[in-house]
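# Survey of secondary and tertiary structure
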Amino acid sequence: MSEIRHDWQVEEILSMMGRPFNDLLFAAHTVHRAHFDPNAVQVSTLLSIKTGACPEDCGYCPQSAHHDVALERERLLPLDEVMEAARNARSHGASRFCMGAAWRNPTDRNLERVVEMIEGVKSLGLETCMTLGMLSEAQAARLREAGLDYYNHNLDTSPEFYGQVITTRTYQDRLDTLAHVRDAGINVCSGGILGMGESRHDRARLLQQLANLPKHPESVPINNLVQVEGTPLAGTEPLDPFEFARTIACARIMMPASHVRLSAGRAGMTDELQALCFFAGANSIFYGDRLLTTPNPAENHDRQLFERLGIHPMEAGDEGASCENCGGVDIHAA
Ligand code: SAM
Ligand code: DTB
Ligand code: SF4
C-alpha cells in the first residue's frame, strides 16, 4: 500500500513525469493493483441539466456566452426529463448519474429544483453527482442534506497558467468551493484539462494542487481538451498522447486511493491509448453518446472495448472497497 501524502514537491513530480515511460507505467500500475481491482472501471453518465449562455469566460468551453459557438441553449430541465434520462442511464449499467449546469453559481431558487433532482435520482438507486459552479457553505450543506454523493468542481490547470484560460473567477474561488463541499461531507470530484497549451510544469503543478489538498479528491477527472470551433482554445496544438498517459500515471501514484477518471476527450483517442490509460491507473469513465454538449464514444463501442480488455463496470457502492490489502477499511481516510 502506498502512503497517502499531502506534501508533494513540484521537483519530485517533474522527475517522476520524466522517467522512462515503461518505468513510470509499471510503478503506476503497481500502485493501482494495491488499491483497486485493476479490471474494474467505475461508470458514470452525464446529463446537461442547463445548457449554454454561461456568464464565465472559460477559454475551453462551448457553453460560455463570451464565445461565438453554434449551440442551442436550454433552460433548466424539468424533473421528469431528468428522471427519464437517469432511468435510461441505470438500464445501461451506469452506477452514478452526474448532472451539470452552465452556471457561475446556482441561485438559491435553482438550488431547490436541483435538490428535487438529487432526491429523485437517488430514489432510483443511483449515486448522484452535480457540477453547478461555485457554492457557498450554506448551499453545499443544503446539497448534502438532500443526499448528494459527489460534487464536481475542477481546478482545471496550474495556478500559473489559469489566468490565460479563465478571467471571470479566480483559482482561490475554486479552492474555496472545494473546501465548502469537503466540509459539508460531500465527496469531492476535482481534476483538470490537459492539452490547453500548458507545459509539463503546469501539469505537475495541477497534480500537486490536487494531491496537497487537505484530503485527496475521491474522484479525479483528467479531461483532454475537446476543441470546439468558436472557443479561444480551438486550434491549440494537441498534446502528445504519451504525455497524457504519463499524467494519468502520476495522478494514480500521487492519489493512490482516488478514482482517476479518463474524462472528456475519449472520442478523440484511439482504443490503444485508452487501454494504456487504464493500465496507468485510470478507473472511471463517462459512458453514453454525449458528454454535456460534445460527443463521447458510442455506447456500443465502449461495451466492445470493455469486452476486448476484460474490463467490467464497478458496482455502485463498491468503490474504493476493493483493495485486497486494506480489509475493507476506508482507504480514503488520509
Ligand atoms: N459550470 C460549472 C463549472 O464550470 O464549474 C460546471 C460545468 S463545467 C462544463 C465542468 C467542467 O467541464 C469544467 O470545469 C472543465 O474542466 C470541463 N470542460 C468544459 N469544457 C471542456 C472541453 N471543451 N474539453 C474538456 N473539458 C471541458
Ligand atoms: C469534468 O471534469 N468533465 C465533464 C464533467 N466534469 C462535468 C465535462 C466535460 C465537458 C466537455 C465539454 C462538453 O461536452 O460540453
Ligand atoms: Fe460556464 Fe462551466 Fe463552461 Fe466555465 S466551464 S463557461 S463555468 S459552463
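Within any chain, residue numbers begin from 1 and follow the written order of that chain's sequence. Throughout, the order in which chains and ligands are written sets their labels, letters from A for the former and numbers from 1 for the latter. For this predicted model, a pLDDT threshold of at least 70 governs which residues receive local features, and a threshold of 80 or more governs which side-chain atom pairs are given and counted, while totals over whole chains, interfaces and linings are taken from all residues. Water and hydrogen atoms were dropped before computing side-chain values, which therefore reflect all heavy atoms in the structure.

## Quick look at the pairing of strand β7 (residues 219-224)
- Counted residue by residue, β7 has 6 buried out of 6 residues, so it is predominantly covered.
- Every second residue of β7 is oriented toward a common face, with Ser219, Pro221 and Asn223 on one face and Val220, Ile222 and Asn224 on the other, all of them buried.
- For two strands to be treated as a pair, DSSP must find at least two bridges joining them. Numbering goes from the N terminus for both helices and strands, where a helix is a DSSP run of H or I of at least four residues and a strand is a run of E of at least two. Pairing of strand β6 (residues 192-194) with β7 involves 3 bridges; the strand directions are parallel. What sits directly across from Gly192, in β7, is Ile222.
- Orient the strands so they point away from the viewer; a crossover is then right-handed if the path from the first strand over the helix to the second runs clockwise. For the handedness criterion, the β-α-β arrangement of β6, helix α8 (residues 200-211) and β7 is classed as right-handed.
- Bridge count between β7 and strand β8 (residues 259-262): 4 bridges; the pairing is parallel. Bridging from a neighbouring strand, Ile222 pairs with Leu262 of β8. Partly exposed describes any residue whose relative accessible area lies between the buried limit of under 20% and the exposed limit of over 50%, with all areas from a 1.4 Å probe on protein chains only and scaled to the type maximum.

## Description of the pattern of salt bridges
- Whenever Lys or Arg places a side-chain nitrogen within 4 Å of a carboxyl oxygen from Asp or Glu, that contact is recorded as a salt bridge. Using the criterion set out here, one finds 16 salt bridges in the structure.
- With a closest N to O distance of 3.4 Å, Asp156 and Arg174 form a salt bridge. Of the two residues, Asp156 sits in the loop between β4 (150-152) and α6 (159-162) while Arg174 sits in helix α7 (residues 171-184), which places them 18 residues apart along the sequence. Like Asp156, the residue Arg174 is buried in the burial classification.
- Measuring nitrogen to oxygen at the nearest pair gives 2.6 Å for the salt bridge that ties Glu160 to Arg205. Remark: Arg205 occurs in helix α8 and Glu160 occurs in helix α6; sequence separation between them is 45 residues.
- By relative accessible area, Glu160 is classed as partly exposed at 45%.

## Things to note about unusual backbone geometry
- Positive phi outside glycine occurs at Ala53, with the angle close to 60°.
- By relative accessible area, which is 33% here, Ala53 ends up partly exposed.
- Non-glycine residue Asp156 carries a positive phi angle of around 75°.
- With a relative accessible area of 2%, Asp156 lands in the buried category.

## Notes on the site of ligand 1
- With respect to spatial proximity, 16 residues lie near ligand 1, and among them Tyr60, Thr131, Asn154, Asp156 and Val226 are the closest.
- Polar contact criterion, stated in full: a pair of N or O atoms within 3.5 Å, where within protein one must be able to donate a hydrogen and the other to accept it, and residues adjacent in sequence count only if both atoms are side-chain atoms. Here Ala101 contributes a backbone N or O atom positioned 3.2 Å from a nitrogen atom of ligand 1.
- The contact in question runs from an oxygen atom of ligand 1 to an N or O atom on the side chain of Asn154, over 2.9 Å.
- Computed on the free molecule, ligand 1 has an accessible area of 560 Å², of which 91% lies beneath the protein chains in the complex.
- Think of a 1 Å grid over just the protein atoms. A cavity is a set of points where a 1.4 Å probe fits yet cannot get out, a pocket is an open set with protein on both sides within 12 Å along at least five of seven lines, and lining residues have an atom within 4 Å of a point. Whether a molecule lies in a cavity or pocket depends on its atoms, and more than half of them have to be within 2 Å of the grid points. Mapping ligand 1 onto the cavity grids shows that it belongs to the largest cavity. Here, proximity means that at least one heavy atom of the residue falls within 4 Å of the molecule or strand. Surface accessibility follows the Shrake-Rupley procedure with a 1.4 Å probe radius. Residue values consider only the protein chains on display as shielding.

## Details of helix α3 (residues 79-91)
- An expected span of 1.5 Å times one less than the residue number is assigned to each helix. An ideal rise of 1.5 Å per residue puts 18 Å on 13 residues; α3 measures up with 18 Å between its terminal C-alpha atoms.
- Within the span of α3, buried status applies to Val82, Met83, Ala86 and Ala89. Taken around the axis of α3, the buried residues stretch over an arc of 125°, which confines them to a single face. Turned more than 90 degrees from where α3 packs its buried face, Asp80, Glu84 and Ser91 sit exposed.
- Turning to α3, the residues buried within the fold contact β1 (40-50), β2 (96-101) and α4 (108-122).
- Following α3 by one or two positions, Gly93 adopts a phi angle in the positive range, close to 100°. The arc under discussion is defined with respect to the helix axis, by the directions toward the C-beta atoms. What makes two residues a contact is simply this: any of their non-hydrogen atoms within 4.5 Å.

## As for the layout of surface pockets
- Quantified by volume, the largest pocket comes out at close to 420 Å³.
- What lines the largest pocket is a set of 22 residues, and nearest its centre among them are Leu46, Leu47, Ser48, Arg290 and Leu291.
- Only β1 and α3 provide two or more residues apiece to the lining of the largest pocket.
- Tallying contributions element by element places β1 first for the lining of the largest pocket, with 4 residues.
- We call Asp, Glu, Lys and Arg charged. Ala, Val, Leu, Ile, Met, Phe, Trp, Tyr, Cys and Pro are nonpolar, and the rest, Gly among them, are polar. Among the residues making up the lining of the largest pocket, the classes are represented as 10 nonpolar, 7 polar and 5 charged. Grid points are joined across faces, edges and corners, and a volume is the space filled by probe spheres set on the points.

## Re α4
- The end-to-end C-alpha distance of α4 is 21 Å, a good match for the 21 Å that 15 residues give at a rise of 1.5 Å each.
- Every buried residue belonging to α4 is among Leu111, Val114, Val115, Met117, Ile118, Gly120 and Val121, and all of these are buried.
- In this fold, the buried residues of α4 make contact with β1, α3, β2, β3 (127-131) and α5 (137-145).

## Some words on the environment of Arg90
- Take Arg90: it is sitting in helix α3.
- Look at Arg90 and you get partly exposed, because its relative accessible area is 41%.
- Not counting residues within four places of it along the chain, the set of residues in contact with Arg90 comprises Leu124 and Leu126.
- In terms of polar contacts, Arg90 uses its side chain to reach the backbone carbonyl oxygen of Leu124, at 2.7 Å.

## Thoughts on the packing of α3 against α4
- Axes here mean lines fitted to C-alpha atoms, for a helix over just the part in contact, with angles spanning 0 to 180 degrees between N-to-C directions. Where α3 meets α4, the closest approach of the two axes is 10 Å, and the angle between their N-to-C directions is 30°. α3 and α4 meet at a crossing whose hand is right-handed. In this structure, α3 uses Leu79, Val82, Met83 and Ala86 to contact α4, whose residues at the interface are Glu116, Met117, Gly120 and Val121.
- A class-by-class count of the residues in the contact of α3 with α4 yields 6 nonpolar, 1 polar and 1 charged. Left-handed describes a crossing in which the near helix is turned anticlockwise from the far one by less than a right angle; the clockwise case is right-handed.

Read these as geometric descriptors, not functional statements.
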